[in-house]
Amino acid sequence: MLFSRNIINIYNNVVKTNHYNLEVAVEITYKKAETLKNRPEGSALGFGTFFTDHMFNMDYNPQDGWHNPRIEPYGPIAMDPSSMVLHYGQAIFEGLKAYRTDSGEIQLFRPKDNLQRLNFSADKLCIPAFDETFVLDALLQLLRIDKDWVPSAPGTSLYIRPTIIATDPYIGLRSSNTFRFFIILSPVGAYYPEGFNPVKIWVTKEYVRAVRGGVGQAKTAGNYAASLYATSLAYKDGYTQVLWLDGVEQKYIEEVGTMNIFFCIGDELITPELNRSILAGVTRDSVIKLAKSWGVKVVERQLSIDEVFEAHEKGLLKEVFGSGTAAIISPVGKIKFDGKEITVGDGNVGPFSAKLFNDLMDIQYGKSDDPFHWIMPVK
Ligand SMILES: *Cc1c(COP(=O)(O)O)cnc(C)c1O
């Protein structure tokens, strides 16, 4: 917010005239990495282990606001062991991807929605807001610099992780006065290298990830720490994800792992309504808009786990899938709850999940039209 005035002015001018092509010299300092890394092969990528040559950094203090935006070599952040983020988890993040099209161009999928959500999370965690237009331009600059890192093998992409952490060296409990904003980039492999297969999910009444009035709707570090224990129990039982129920009655479905969840019951597509403990996924919103455009009846409402099992008993439960940036669509084949396991449909990927997966991928990789204007080219 508190950038030097001329930057904001530059911005205002550009935004008015040239929404998607911010070709302006913004005062972000750039220090080039002295040696560039060897880039891994597309087949060796996996998820989240490789990082590009550069990163974006910016600092906050009450006097200067967000200041000193800079693109620098990727590297460790020196910080005091008493830094508040290390003790109280005042940290928020985002996850989005850059995709390489068949013609070699690079494009982003709904990046403004992610930055808007980062500011939403910031508000919930008492972190000062940042200028979304400015950060988007910083991201575009970073992507131009590290463009060769956007992989081109089918299904691969460059995962983008904007993060804000509290940096006051202080171990009393209050909100930090200083923060670091950074963006790192990680080339990632195809999510389904062995094919688009359904996952087995595990429902628990014992553990919850978020509660009413808590921070479930924010992408904040603690939510993920809070999910680890139940996830480890699911693994031990042979399941790959936890289906989270609400934190008040342990009855209503919220999310699956770190994805939103959808149920095809009868001829309706049902997903839990955004009740303030659910994360409002960009993919969730994209699924809803796509499905509606196909004439599917989409219902956002409270849905209990009992209702899902009853629908299964009546033969009405056709498909279940998770939605999120990493996997796009993750079909669910089996659900275990209260000692009982059901198989969704015939246990294979359903046609609706497959169509959503393919259509979203086609938009993201520029293989089809972009009727909703979700794509932003990186030029
Ligand atoms: C990030 C996230 C999602 C999915 O959001 P997308 O914007 O679709 O990637 C869903 N649930 C949780 C808890 C998340 O952290």
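Residues numbered from 1 in each chain as written. Predicted model: local features only at pLDDT ≥ 70, side-chain atom pairs only at ≥ 80, totals over all residues. Heavy atoms only, no water.

(A) Main features of the side chain of S286. Looking at the element boundaries, S286 is found in helix α7 (residues 282-293). With a relative accessible area of 0%, S286 lands in the buried category. If we skip the residues at most four places from it in the chain, S286 touches F109, R110, L360 and W374. (Helix = DSSP H or I, 4+ residues; strand = E, 2+ residues; numbered from the N terminus. Buried < 20%, exposed > 50% of the residue type's maximum accessible area, 1.4 Å probe, protein only. Contact = heavy atoms within 4.5 Å.)

(B) Structural view of helix α6 (residues 228-236). Within the sequence span of α6, burial applies to A230, T231 and A234. An end-on view of α6 places all buried positions within 100 degrees of arc, on one side of the element. Those residues of α6 that are exposed and aimed more than 90 degrees away from the buried face are L228, Y229, Y235 and K236. Buried positions along α6 lie against β9 (199-204) and β10 (241-245). (Arc of directions from axis to C-beta.)

(C) Geometry of the packing of aromatic side chains. Throughout the structure, instances matching the rule amount to 17 aromatic pairs. Here the aromatic rings of F309 and F337 are separated by 5.9 Å at their centres, their planes lie at 65 degrees, and the arrangement is edge-to-face. Pair noted here: F309 is in helix α8 (residues 305-313) and F337 is in strand β16 (residues 328-337), with a separation of 28 residues, a long-range link. The class for F337 is buried, based on a relative accessible area of 7%. Among the aromatic residues, those joined into a cluster by ring pairs are F56, Y60, W66, F130, F179 and F181. The side chain of K124 reaches across the aromatic face of F120, ending 4.3 Å from its centre. (Phe/Tyr/Trp six-rings, centres within 6.5 Å; stacked < 30°, edge-to-face > 60°. Lys NZ or Arg CZ within 6 Å of the ring centre and 35° of its normal.)

(D) Structural context of the nonpolar core. Core analysis: the largest hydrophobic core is formed by 50 residues, its most contacted members being I253, F263, L269, L317, F321, I329 and I335. Counting 45 residues, the second largest nonpolar core, distinct from the first, contains I92, I160, I164 and I165. (Core = buried A, V, L, I, M, F, W, Y, C linked by side-chain atoms within 4.5 Å.)

(E) Spotlight on the site of the ligand. Lining the immediate environment of the ligand, one finds 14 residues, of which K219, Y224, E255, T283 and T325 sit closest. The side chain of K219 places a nitrogen or oxygen atom 2.7 Å from an oxygen atom of the ligand. One of the backbone nitrogen or oxygen atoms of T258 is found 3.4 Å away from a nitrogen atom of the ligand. For the ligand, whose unbound accessible area comes to 380 Å², protein coverage reaches 96%. (Near = heavy atom within 4 Å. Polar contact = N/O pair within 3.5 Å; in protein donor to acceptor, adjacent residues only side chain to side chain. Areas by Shrake-Rupley, 256 points an atom, 1.4 Å probe, with all protein chains shown as cover.)

(F) Quick peek at the pairing of strand β14 (residues 297-300). In terms of strand pairing, strand β13 (residues 268-271) meets β14 through 4 bridges, oriented parallel. Along β14, the bridge assignment pairs I270 with V299. Once the chain exits β13 it traverses α7 before rejoining the sheet at β14, and the crossover so formed is right-handed. (Pairing = 2+ DSSP bridges. Right-handed = clockwise from strand over helix to strand, strands pointing away.)

(G) The domain arrangement of the protein chain, seen in detail. What the domain assignment lists for the protein chain is domain 1 (8-189) and domain 2 (199-367). Its C-alpha centre places domain 1 at a distance of 28 Å from the equivalent point of domain 2. Tallying the contact residues gives 27 residues for domain 1 and 22 residues for domain 2. Across the domain 1 to domain 2 interface the summed buried area is about 2000 Å²; carbon plus sulfur atoms make up 56%. Considering only the side of domain 1, the residues that lose the most area to domain 2 are F93, F109 and R117, jointly responsible for 29% of the buried surface there. At the junction of domain 1 with domain 2, the criterion picks out 2 salt bridges. Put simply, D102 and K367 hold a salt bridge, and the shortest N to O gap is 3.2 Å. Summed over the shared surface of domain 1 and domain 2, the number is 15 residue pairs in polar contact (both at pLDDT 80 or more). Of all the secondary structure elements, the ones that give two or more residues to the side of domain 1 that touches domain 2 are β4 (91-93), β5 (96-100), β6 (106-109), α3 (111-124) and β7 (157-166). Ranked by the residues each element gives to the side of domain 1 that touches domain 2, the list is headed by α3, at 6 residues. (Domains from an automatic or database assignment. Buried area = accessible area lost by both parts, 1.4 Å probe. Salt bridge = Lys/Arg side-chain N within 4 Å of Asp/Glu carboxyl O.)

(H) Inspection of the side chain of S353 at higher detail. Relative to the helices and strands, S353 resides in helix α9 (residues 351-364). You can call S353 buried: its relative accessible area is 1%. If near-sequence neighbours (up to four positions away) are discounted, S353 is found in contact with F196, E319, F321 and I329.

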